[in-house]
Amino acid sequence: MDAIDLHDVTKTYRGGVHALRGVALRVGAGEIFGLLGPNGAGKSTLVKIMMTVVRPTTATGTILGQPVGSHDVLERVGYLPEHHRFPAYLTGRQVIDFFGALCKVPRDVRRTRTEQLLELVGMRDWGDRRVTTYSKGMQQRIGIAAALVNDPQLVVLDEPTDGVDPVGRRDIRDVLVRLRGEGRSVMVNSHLLSEVEMVADRVAIMNKGQVIAQGTIDELTHASHRYEIEASGGPERLDLPGGPVAAEPPAPGAAPGARTYCVRTREARDVQPAIDALRAAGATIVRVTPARETLEDLFVRSVVDERGRALPGAAR
Amino acid sequence: MTQTLAIFLDAYRDLNSRKLFWLAIAISGLVVLIVGALGINEAGVTVLGFQFESKFVNTLFFPRDTFYKLIFQSLGINIWLTWFAAILALISTASVVPELVASGSIDMMLSKPITRTRLFLTRWVTGLFFAGIQALVFVTASFLVIGLRGGVWEPALFIAVPVVIVFFSYLYCVCALIGLLTRSTVASLLLTLVFWLLVFCAQKAESFINGGRIATQMEVAAIEKAIDVRLSKNAEADVDKLRAELAQEQLSLGKWSSAYWPAYAIVTVLPKTNETTAWLERELVSRARFRRPPNEDENMRFFGSNRVKQKDFDDAVYDDAESRKNVWWTIGTSVLFEAATLGACVWLFRRRDF
């Protein structure tokens, strides 16, 4: 059963702003799912609809097998909003306990879980200090702990690494991987594409209130798989059985006088004719590198227009 | 139950972190301590054992318990609990709803398995905590002072605690509605105080007009009685002047009555803060043998009555309030107003996107 299976999610705010236009999204059980998109794309609105913070105009589908909008399912969901704010009078330990109680976690279980979670997010020594004394990164860590206090099957994190230093980001990635290892589903909404790329099994890219691409990173970048052959003394163009391959301008850091030839394939055997042709032409092969589009390349290609401008998000 | 307890514990922690909460409790305790430091004997009043002689304030005029009860009545109820403590409670709790619906905070709350109606109402009830704790501390301390210093134990005093909470809840529901609409603590506090002032003025106007109506009714009755007395002594007596006076008073009574019923209707649909305090005083008179409060308006002479004594007028106003302004009218209709206001709050809270 999918953790999230949404169809036809639309949201039109007062004033006619269409934040979501028929979103369909699927997050499998036990996977890390990255939700990407520029500002105003509708990511937060979608997450808020899932968490019952915003009422959808239309929405069908399920979350952990229960209809969207069901309160009962929230007992099994952990959520960390983007700009969360904890009561200033609480300590980190009290924050975790309070949100655990709101999730109906029994007191003795909360006590044990709180200790485990403080350890997990590296805040054991800070648990009894008020949250107002925390840095942004520490607040994020406590927020993640609070999102996990009910032992959720689905964890939804909105910008979890926002304000967190590189070591902290690595720790959070480790937590996400650990959650996946425990069979939980994790949905991460983030601007840090490299972070998402490192851990996400599948991603969706949203723009203008629609999902414009969805799948594994491999599926989405399939067309961009290639081998780059760097050779010196090669010809302007290679005539291969599959078609001609023109030499491209040297890549940054390439050896002086070297040329780069891109063979669009993901199979190593398809590169051999090009290597043979270069050798036949007396060229020296410097390196052969398998390459593909990065998530950032894919994202930028999806949300930037022909003139390189960011496409606007929500639209009237 | 776990959720409700958590929200109440959170409210306690919130109150506990506010200096104003402890300051208000300390002032409440101090006020009662000062009253406790006062004493009364046959010669006059004592303050911390120092004698201040008085011809009017001594145990010959006031039994010891009456002295302390009068202070509780005039200072405790009419000034401290219904004005200062209520304002302090409003200042302390005006932020509860705006903070609940603040961005970043509301997301965390609504994403938990608790319905919006329950979440809002539970948070609102926790706001009554402040007034409740304050009233409980003050009344308990007063109970001890009246018992230890006055020599009379009056458990009926504790009726003031729920009444003060109800009184505060009239204002706090308006505060919650404004907080929900504006998301601003300052706006909700100031506009609630303005609302309270308007309600206070409406009740004072109703009370004033009612005083005029009752005074004129008594005047009419007195003139009619005077005519009857004269005619019973001499059937041929000249009562034309009295009849003319009677006609004028009846005309006046008609005007007072036509002004009164709209004022009464307006006050009926509003929360009755002054009336609730007055009702509490009447309850303490009957349950805890407090003295009847004098009619504070003392508007008898203002109304130009010549035939009705001030004391009779005060009694008539008191009896009128006791018969017509009972608990159902005073608190029942106020609670209806509160229910309607809270209903509007819940409706808004359930429908809003955050």
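**Describing the overall build of chain B**
- Tallying secondary structure elements over chain B gives twelve helices and three strands in all.
- Projected onto its principal axes, the C-alpha coordinates of chain B cover approximately 90 × 55 × 30 Å.
- Looking at chain B residue by residue over its 354 residues, the buried ones come to 37%.
- Across chain B, every contact between residues at least 6 apart in sequence was considered, and the portion connecting residues at least 24 apart equals 76%.

**As for the nonpolar core**
- Membership of the largest hydrophobic core comes to 155 residues, with the highest contact counts inside it found for Ala145(A), Val156(A), Ala160(B), Val164(B) and Phe168(B).
- At 17 residues, helix 7 (residues 160–182) of chain B tops the list of elements feeding residues into this core.
- Residue contacts for Val156(A): discarding those within four places in its chain leaves Val47(A), Met50(A), Met51(A), Val77(A), Tyr79(A) and Met187(A).
- Tyr227(A), Ala231(A), Ala258(A) and Tyr261(A) belong to the second-largest nonpolar core, a separate cluster that totals ten residues.

**Some thoughts on the sheet that holds strand 1 (residues 38–40) of chain B**
Residue and element names in this part refer to chain B.
- Taken in spatial order, the three strands line up as 1-2-3 in an open sheet, and their pairing is antiparallel. Here the strands that pair on one side only, and so sit at the sheet edges, are strand 1 and strand 3 (50–53). With strand direction ignored, the average angle separating the axes of adjacent strands in the sheet is 25 degrees.

**Notes on the sheet that holds strand 14 (residues 258–263) of chain A**
Residues and elements named next belong to chain A.
- In spatial order, the strands read 12-13-14-11-15; together these five strands make up an open sheet with antiparallel pairing. Looking at which strands have only one partner, the edges of the open sheet turn out to be strand 12 (237–240) and strand 15 (284–291). The mean inter-strand angle of the sheet, taken between neighbouring strand axes irrespective of direction, is 25 degrees.
- Direction of pairing for strand 11 (residues 226–232) relative to strand 15: antiparallel, over a ladder of seven bridges. In the sheet register, Ile-229 faces strand 15, and the bridge partner there is Val-288.
- Where helix 8 (residues 272–280) meets the sheet, it contacts strand 11, strand 12, strand 13 (243–248), strand 14 and strand 15, and its direction lies at approximately 125 degrees from that of strand 12.

**Concerning the packing of helix 2 (residues 19–37) of chain B against helix 6 (residues 116–150) of chain B**
Residues and elements named next belong to chain B.
- Two elements in contact, helix 2 and helix 6, have axes separated by 9 Å at closest approach and are oriented at 15 degrees. Between helix 2 and helix 6, the angle falls in the class roughly parallel. With respect to the hand of their crossing, helix 2 and helix 6 are arranged in right-handed fashion. Between helix 2 and helix 6, the contacting residues are Phe-21, Ala-24, Ile-25, Ser-28, Gly-29, Val-32, Val-35 and Gly-36 on the first element and Phe-130, Gln-134, Val-137, Phe-138, Ala-141, Ser-142, Val-145 and Arg-149 on the second.
- The residue inventory of the contact of helix 2 with helix 6, partitioned by class, reads ten nonpolar, five polar and one charged.

**A closer look at the interface of chain B and chain A**
- Tallying the contact residues gives 21 residues for chain B and 23 residues for chain A.
- Elements represented by at least two residues in the side of chain B that touches chain A include exactly helix 1 (2–17) and helix 5 (105–110) of chain B.
- Top element by residues in the side of chain B that touches chain A is helix 1 of chain B. It accounts for seven residues.

**Section: the confidence of the model for chain B**
Residues and elements named next belong to chain B.
- Confidence along chain B averages 89 in pLDDT terms, with 95% of residues attaining 70 or more.
- Confidence scores differ between elements of chain B, with helix 11 (residues 310–324) showing the lowest mean pLDDT of 85 and helix 7 the highest of 96.
- The ipTM value of the predicted complex is 0.80, and its pTM value is 0.83.

**Topic: the environment of Gly215(A)**
Residues and elements named next belong to chain A.
- Turning to its location among the elements, Gly-215 is positioned in strand 10 (residues 210–216).
- Look at Gly-215 and you get partly exposed, because 14 C-beta atoms sit within 10 Å.
- On a C-alpha basis, the gap between Gly-215 and Thr-133 in space is 41 Å, while along the polypeptide they are 82 residues apart.
- Setting aside chain neighbours within four positions, we find Gly-215 in contact with Arg-202 and Leu-220.

Procedures and definitions
Residues numbered from 1 in each chain as written. Chains lettered and ligands numbered in written order. Predicted model: local features only at pLDDT ≥ 70, side-chain atom pairs only at ≥ 80, totals over all residues. Helix = DSSP H or I, 4+ residues; strand = E, 2+ residues; numbered from the N terminus. Buried ≥ 20, exposed ≤ 12 C-beta atoms within 10 Å, placed from the backbone. Contact = placed C-beta atoms within 7 Å. Core = buried A, V, L, I, M, F, W, Y, C linked by C-beta atoms within 7 Å. Pairing = 2+ DSSP bridges. Axes fitted to C-alpha atoms, helices over the stretch in contact; angles between N-to-C directions. Parallel < 35°, antiparallel > 145°, perpendicular 65-115°, else oblique. Left-handed = near helix turned anticlockwise from the far one by under 90°. Nonpolar A, V, L, I, M, F, W, Y, C, P; charged D, E, K, R; others polar. pLDDT = per-residue confidence, 0-100.

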